[in-house]
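Understanding the architecture of this molecule
Now for the letters of each chain:
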Amino acid sequence: GGGILVQRSHRLSVQKHYYLMCVPGVLWMIFFNIVPMFGIVMAFQKFNPSKGLFGSPWVGLKNFQYLFMMSDSTRVIANTLLIATSKVVLNLIIPLIFALMLNEVRSLRYKKAIQTAVYLPHFLSWIILSSVVLNLFSLNGVVNKVLGVLNVEPVIWFGESAYFRQLVVFTDVWKEFGFNAVIFMAALASIDPTYYEAAAIDGCSKWRSIFKITLPCIASTVVVVGVLGLSNVLNAGFDQVYNLYNPMVYATGDILDTWVYRMGLVNLQFSLATTAGLLKSVVSFVLIVTSYALAYKLADYRVF
């Protein structure tokens, strides 16, 4: 028993610097993620800022009942699910296809140049990219000028409800697919090249080797990325949508996060906004736990 204690003490003295490095992150999590959780009591109150959390009257589950009775709630949840699900699916398929295509490029110089160019947008915030996108798709933007050459009438793209969801998904995929492809490129690099050499000797074509060798070898990575993407089904991207949408596209572009923002900080309906936020957090927690369980079962993926 004494030997074990000595070993643990020695390990702690060796690793204490690593624990100290974790302190700022832990403090950040406590003050910005755990402490604000006390605010969820507003979901069960008729919150009055002048009375505070301890003086506001309790209303039980009435806020939840009122939330589901509102016509906006169904529309907002549907928009969130449609946009988020489309992002999850396309941010899996497009990066995979791109990685497979880039893997066939033999010139290392061109491969690095292409990869750098396509994943650069990932490092830019939507504050910057939204201005670029809105200018490109504005009435006098590049897109409408190109369409004008083809005798197509100009369109206010981000002012049309019919196009907003597609544009949000398209621009998000454009921003992220290069960076997401890095995961698949790493998986492709781990494939033993002798597999392809043996297949070539047997007369296997390039196209067939993709389905017989490449995809089966990276199947576990694809499964992990796809399953973990389930946890983002209710995360349609507040920063992107908030910077791109306007009242004209609320019908198809308003999502849970933007609706909560407007209800809580603009309309000052704190209890209702907290109720919607709490509901989303609970569902997201369930999805995260489920996705990690599926990733462990299907691909033996574990965090710890």
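Summary of the structure given here. (Residues numbered from 1 in each chain as written. Predicted model: local features only at pLDDT ≥ 70, side-chain atom pairs only at ≥ 80, totals over all residues. Heavy atoms only, no water.)

Right, let's talk about the overall build of the chain for a bit. In terms of helices and strands, the chain carries 15 helices and zero strands. Relative to the 2.2 N^0.38 estimate, which gives 19 Å for 304 residues, the radius of gyration of the chain is 25 Å and therefore markedly larger than a compact globule would have. Seen along its three principal axes, the alpha-carbon backbone of the chain occupies a region of about 85 × 80 × 30 Å. Split into buried and exposed, the 304 residues of the chain put 34% on the buried side. Residue pairs in contact within the chain that sit at least 24 positions apart in sequence constitute 67% of those at least 6 positions apart. Accessible surface, the chain: about 18,900 Å² in total, of which carbon and sulfur atoms supply 70%. (Helix = DSSP H or I, 4+ residues; strand = E, 2+ residues; numbered from the N terminus. Rg over C-alpha atoms; globule rule 2.2 N^0.38 Å. Buried < 20%, exposed > 50% of the residue type's maximum accessible area, 1.4 Å probe, protein only. Contact = heavy atoms within 4.5 Å. Areas by Shrake-Rupley, 256 points an atom, 1.4 Å probe, with all protein chains shown as cover.)

A few words on the nonpolar core. The biggest cluster of nonpolar side chains holds 38 residues, and the ones touching the most others in it are Phe158, Phe164 and Leu188. Per-element tally for this core: the top contributor is helix H8 (residues 161-189), with 11 residues. Not counting the four nearest positions on each side in its chain, Phe158 is found in contact with Val133, Leu134, Phe137, Phe164, Leu167, Leu244, Asn246 and Val249. (Core = buried A, V, L, I, M, F, W, Y, C linked by side-chain atoms within 4.5 Å.)

The α-helix advances 3.6 residues per turn, and as a result positions three or four apart in sequence lie on the same side. Taking 1.5 Å per residue as the helical rise, helix H5 (residues 108-119) with its 12 residues ought to reach 16 Å, and the 17 Å between its terminal C-alpha atoms agrees with that figure. The secondary structure elements touched by the buried residues of H5 are helix H4 (71-103) and H8. (Expected span 1.5 Å × (residues − 1).)

On to the packing of aromatic side chains, then. Taken as a whole, this structure holds 16 aromatic pairs when the rule is applied. Judged by centre distance (6.0 Å) and plane angle (80 degrees), the rings of Phe158 and Phe164 are edge-to-face. Phe164 shares its class with Phe158; the two are buried. Ring geometry for Tyr242 against Tyr261: centres 5.1 Å apart, planes inclined by 75 degrees, an arrangement best described as edge-to-face. (Phe/Tyr/Trp six-rings, centres within 6.5 Å; stacked < 30°, edge-to-face > 60°.)

Inspection of helix H6 (residues 126-136) places Trp126, Leu129, Ser130 and Val133 among the buried residues, and these make up the whole buried set. The buried side chains of H6 occupy one side of the element, clustering within an arc of 105 degrees when seen end-on. In this structure, H6 carries Ile127 and Asn135 as exposed residues pointing more than 90 degrees from its buried face. (Arc of directions from axis to C-beta.)

Together, Leu20, Val23, Val26, Leu27, Trp28, Met29, Ile30, Phe31, Phe32, Ile34, Val35 and Phe38 line one region of the surface with nonpolar side chains, adding up to about 1,200 Å² of accessible area. By relative accessible area, which is 53% here, Phe32 ends up exposed. (Patch = residues over 30% accessible without salt bridge, like charges linked within 9 Å, V, L, I, M, F, W, Y side chains within 5 Å. Salt bridge = Lys/Arg side-chain N within 4 Å of Asp/Glu carboxyl O.)

This paragraph deals with the packing of H6 against H8. Where H6 contacts H8, the two axes come as close as 12 Å, and the packing angle between them is 125 degrees. With respect to H8, the element H6 is oriented oblique. Read as a crossing pair, H6 and H8 show a hand that is right-handed. Contacts between H6 and H8 pair Trp126, Leu129 and Val133 from the former with Thr171, Asp172, Trp174 and Lys175 from the latter. For the contact of H6 with H8, the residue count by class is four nonpolar, one polar and two charged. (Axes fitted to C-alpha atoms, helices over the stretch in contact; angles between N-to-C directions. Parallel < 35°, antiparallel > 145°, perpendicular 65-115°, else oblique. Left-handed = near helix turned anticlockwise from the far one by under 90°. Nonpolar A, V, L, I, M, F, W, Y, C, P; charged D, E, K, R; others polar.)

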